[in-house]
Amino acid sequence: MYSEIIMDSLRLTTGSSEETEDLGFKIGTFLKTHGGAKTICLFGELGAGKTTLIKGIASAFNISKRDIGSASFVIVAEYDTLPPFYHIDLYRLEKDVDVEDTGIWEYIESDGISVIEWAERLDEIPENAITVRINLLGEESREIIIEGIDEKDWHNM
Ligand SMILES: Nc1ncnc2c1ncn2[C@@H]1O[C@H](COP(=O)(O)OP(=O)(O)OP(=O)(O)O)[C@@H](O)[C@H]1O
Ligand SMILES: [Mg+2]
């Protein structure tokens, strides 16, 4: 896995879904060991690898990656872990539904960990959120840009 730092963000490239999962696991481990951030906002087009990354994040909380699904009819999948883990996917939200009316901010503002796919649809980025942007570079390569994790903390993990 290749990585470099641009300004205040970490930029990495992965060459397979396994590498993206491993990166997710590292983000999950960061969340568990560093207080503060408890919301992850994911940006990126269809098939970028958001759910794949979340499988890795969830595995750091002992949630089986088989249990992490893609957008179905649920907007929030809740996992009864400690802290509680919420997988929020705004993709299925109807275009004319206001995100603010769904009640998802109650999850985001709770003490649980919230991981949000299609964060583009939020009116604002939650306070102290870590943002992850995934860009398709090729069939199996992805550019992953993380903001909100201090470079030193990341490299000391
Ligand atoms: N480096 C990579 N990282 C992540 N996924 C990859 C990579 N290379 C190939 N893939 C494949 O790309 C697909 C990513 O699908 P995934 O469901 O994670 O995307 P998504 O961003 O959640 O899409 P959606 O917007 O539909 O929810 C999977 O089929 C995965 O195997
Ligand atoms: Mg997805």
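**Points about the overall build of the chain**
Thought 1: Scanning the chain from terminus to terminus reveals 4 helices and 8 strands.
Thought 2: When the helices and strands of the chain are listed from N to C terminus, the series reads β-β-α-β-α-β-β-α-β-β-β-α.
Thought 3: Its C-alpha radius of gyration of 15 Å places the chain within 12% of the 15 Å reference for a compact globule of 157 residues.
Thought 4: The dimensions of the chain, computed from C-alpha atoms along their principal axes, are 40 × 35 × 30 Å.
Thought 5: Within the chain, the proportion of its 157 residues that are buried is 34%.

**Regarding the environment of Ser17**
Thought 1: Within the secondary structure, Ser17 sits in helix H1 (residues 17-33).
Thought 2: Residue classification places Ser17 among the partly exposed residues on the basis of 16 C-beta atoms within 10 Å.
Thought 3: Each C-alpha atom of the pair Ser17 and Arg142 lies 9.1 Å from the other, and the pair is 125 residues apart in sequence.
Thought 4: Contacts of Ser17, omitting those with residues within four sequence positions, involve Gly49 and Thr52.

**Quick notes on the site of ligand 1**
Thought 1: Ligand 1 sits among 21 residues. The nearest are Thr20, Gly49, Lys50, Thr51 and Thr52.
Thought 2: Counting residues per element, the ones that place at least two in the shell around ligand 1 are H1 and helix H2 (50-59).
Thought 3: When the residues that make up the shell around ligand 1 are grouped by side-chain class, the tally is 4 nonpolar, 12 polar and 5 charged.

**Here we look at the environment of Leu82**
Thought 1: Mapping Leu82 onto the fold places it in the loop between strand S4 (76-79) and strand S5 (85-89).
Thought 2: Once the C-alpha coordinates of Leu82 and Ile113 are considered, the two residues, 31 residues apart in sequence, prove to be 9.3 Å apart.

**Some words on the nonpolar core**
Thought 1: The biggest cluster of nonpolar side chains holds 34 residues, and the ones touching the most others in it are Ile40, Ile88, Ile116 and Val132.
Thought 2: The set of elements that each furnish at least two residues to this core consists of H1, strand S3 (39-43), H2, S5, helix H3 (104-108), strand S6 (113-117), strand S7 (130-136) and strand S8 (142-147).

The rules behind these values
Residues numbered from 1 in each chain as written. Chains lettered and ligands numbered in written order. Predicted model: local features only at pLDDT ≥ 70, side-chain atom pairs only at ≥ 80, totals over all residues. Helix = DSSP H or I, 4+ residues; strand = E, 2+ residues; numbered from the N terminus. Rg over C-alpha atoms; globule rule 2.2 N^0.38 Å. Buried ≥ 20, exposed ≤ 12 C-beta atoms within 10 Å, placed from the backbone. Contact = placed C-beta atoms within 7 Å. Near = placed C-beta within 6 Å. Nonpolar A, V, L, I, M, F, W, Y, C, P; charged D, E, K, R; others polar. Core = buried A, V, L, I, M, F, W, Y, C linked by C-beta atoms within 7 Å.

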